[in-house]
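This is what each chain is made of:
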Amino acid sequence: MFKRTSLLTLKHFAQIKGAGQTVRALAAAAAACMVLCAAAGAAQAQVYGSYNMGCLDNAQPLALKGDHYVMQIWGRGRNYAHPEMLDYLNKFIERTKAAGLPDVIIGDLSQKYGGPYAGSNHASHMVGLDVDIPFGFAKDLKDLHKTPDSFYLVRSGKLTDSFDEDRIKLIYLAAQDERVERIFVSPRIKEGMCSLFEGKGDDSFLSKLRPWFGHRAHMHVRLSCPADSPYCKAQAAAPAGTGCGYEVQSWFMPPDPNAKPAAVKPKPKPVMPQQCKVLLSRQG
């Protein structure tokens, strides 16, 4: 590798009258090396393990406030993510702005090195590829530490009046990125989105909306494993189709009183990857 002094020397000789093309070519190669080698040496984010049992190296922070968004504060140091997530959020925020939506709110991301949150009910958010996005807007957030009632799109098992055009756009726009692997929402919200979009144009995004417990006041967006993180453990693919119809309706069906309890096979306890033991010791 050329040292900086070698680079300057080569540039100097390339300017001397009568210097051949070889010297000029070497100077150009040295200059290119200085740029490319610096880029190659830059720290690269890496994901180790799975969404609910893993960690993250070289995460980047999201500013607590920026153009067209504000972060909701649920704890210290929850604003770190993989660069792919930060890029996703930047593009998501751009889409919401272009759609004429008010400033949005970004909720929990991950910790600096990922891993489990202490004193939290998060089962994932461990590898910088998960983010909570509240069903509300910055103008309605009077206290960064509380969730206003208007953010709840489901109450007593039914959709509320807050499930309006702006919130529908918010959910739709969150899914418009090929990196989105899943978006967890309340089953009633999934049902509502199905009634609006299934069979009407391109409804493929509906497959990304996965009904899950809770998620009545926010959606949980999850990105796929980055291609340059070979130790990231991907989640099993969602079933084919929109997920509307029986799949979502099954959430509202009473259990069959005549059904026999299914035999439950014990699952092996997940183990934190070895790389995480070192990284998480730095969490502080």
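It should be emphasised that the depicted structure is a prediction, and the values quoted were computed from it without experimental measurement. (Residues numbered from 1 in each chain as written. Predicted model: local features only at pLDDT ≥ 70, side-chain atom pairs only at ≥ 80, totals over all residues. Heavy atoms only, no water.)

Draft legend 1. Structural detail: the side chain of Lys-208. Mapped onto the fold, Lys-208 is located in the loop between α5 (187-197) and β12 (209-211). It turns out Lys-208 is buried and unbridged, and the closest side chain with the opposite charge, Asp-177, is 6.5 Å from it. Engagement of the side chain of Lys-208 in a polar contact is seen with the backbone oxygen of Asp-177, the distance being 2.9 Å. Those residues within four positions of Lys-208 in sequence are excluded, and the remaining contacts are Ala-175, Asp-177, Glu-178, Val-180, Arg-182 and Ile-183. (Helix = DSSP H or I, 4+ residues; strand = E, 2+ residues; numbered from the N terminus. Buried < 20%, exposed > 50% of the residue type's maximum accessible area, 1.4 Å probe, protein only. Lys, Arg positive; Asp, Glu negative; His and termini not counted. Salt bridge = Lys/Arg side-chain N within 4 Å of Asp/Glu carboxyl O. Polar contact = N/O pair within 3.5 Å; in protein donor to acceptor, adjacent residues only side chain to side chain. Contact = heavy atoms within 4.5 Å.)

Draft legend 2. Region of interest: the side chain of Arg-210. Within the secondary structure, Arg-210 is located in strand β12. Within the structure, the side chain of Arg-210 is placed 2.4 Å from the side chain of Glu-247, a separation counted as a polar contact. When residues no more than four places from it in sequence are discounted, the contact partners of Arg-210 are Arg-182, Ile-183, Phe-184, Val-185, Ala-238, Pro-239 and Glu-247.

Draft legend 3. Geometry of the environment of Lys-97. Note on placement: Lys-97 falls in helix α3 (residues 83-98). Separated by 30 residues in sequence, Lys-97 and Asp-67 place their C-alpha atoms 9.6 Å apart.

Draft legend 4. Summary view of unusual backbone geometry. In this structure, His-125 is a non-glycine residue whose phi angle is positive, near 55 degrees. The class of His-125 is buried, set by a relative accessible area of 1%.

Draft legend 5. Geometry of the packing of aromatic side chains. Taken as a whole, this structure holds eight aromatic pairs when the rule is applied. Arranged with centres 5.6 Å apart and planes meeting at 15 degrees, the rings of Tyr-172 and Phe-197 form a pair that is stacked. Taken together, the residues span a long stretch of sequence, with Tyr-172 in helix α4 (residues 165-174) and Phe-197 in helix α5 at a distance of 25 residues. Accessibility expressed as a relative area gives 19% for Phe-197, which makes it buried. Measuring from centroid to centroid gives 5.2 Å for Trp-212 and Phe-213, while their planes differ by 70 degrees, and the two rings are edge-to-face. By way of ring pairs, the aromatic residues Tyr-172, Phe-197 and Phe-205 are connected into one cluster. A cation sits over an aromatic face here: Arg-222 above Tyr-51, 4.3 Å from the ring centre. (Phe/Tyr/Trp six-rings, centres within 6.5 Å; stacked < 30°, edge-to-face > 60°. Lys NZ or Arg CZ within 6 Å of the ring centre and 35° of its normal.)

Draft legend 6. Representation of the sheet that holds strand β13 (residues 218-223) in the model. Strand order in the open sheet made by the four strands is β8-β13-β11-β12, with mixed pairing throughout. Each edge of the open sheet carries a strand with a single partner, namely β8 (130-134) and β12. Within this sheet the neighbouring strands show an average axis-to-axis angle of 30 degrees, counted without direction. In the sheet, strand β11 (residues 180-185) pairs with β13 via four bridges, with the strands oriented antiparallel. (Pairing = 2+ DSSP bridges. Axes fitted to C-alpha atoms, helices over the stretch in contact; angles between N-to-C directions.)

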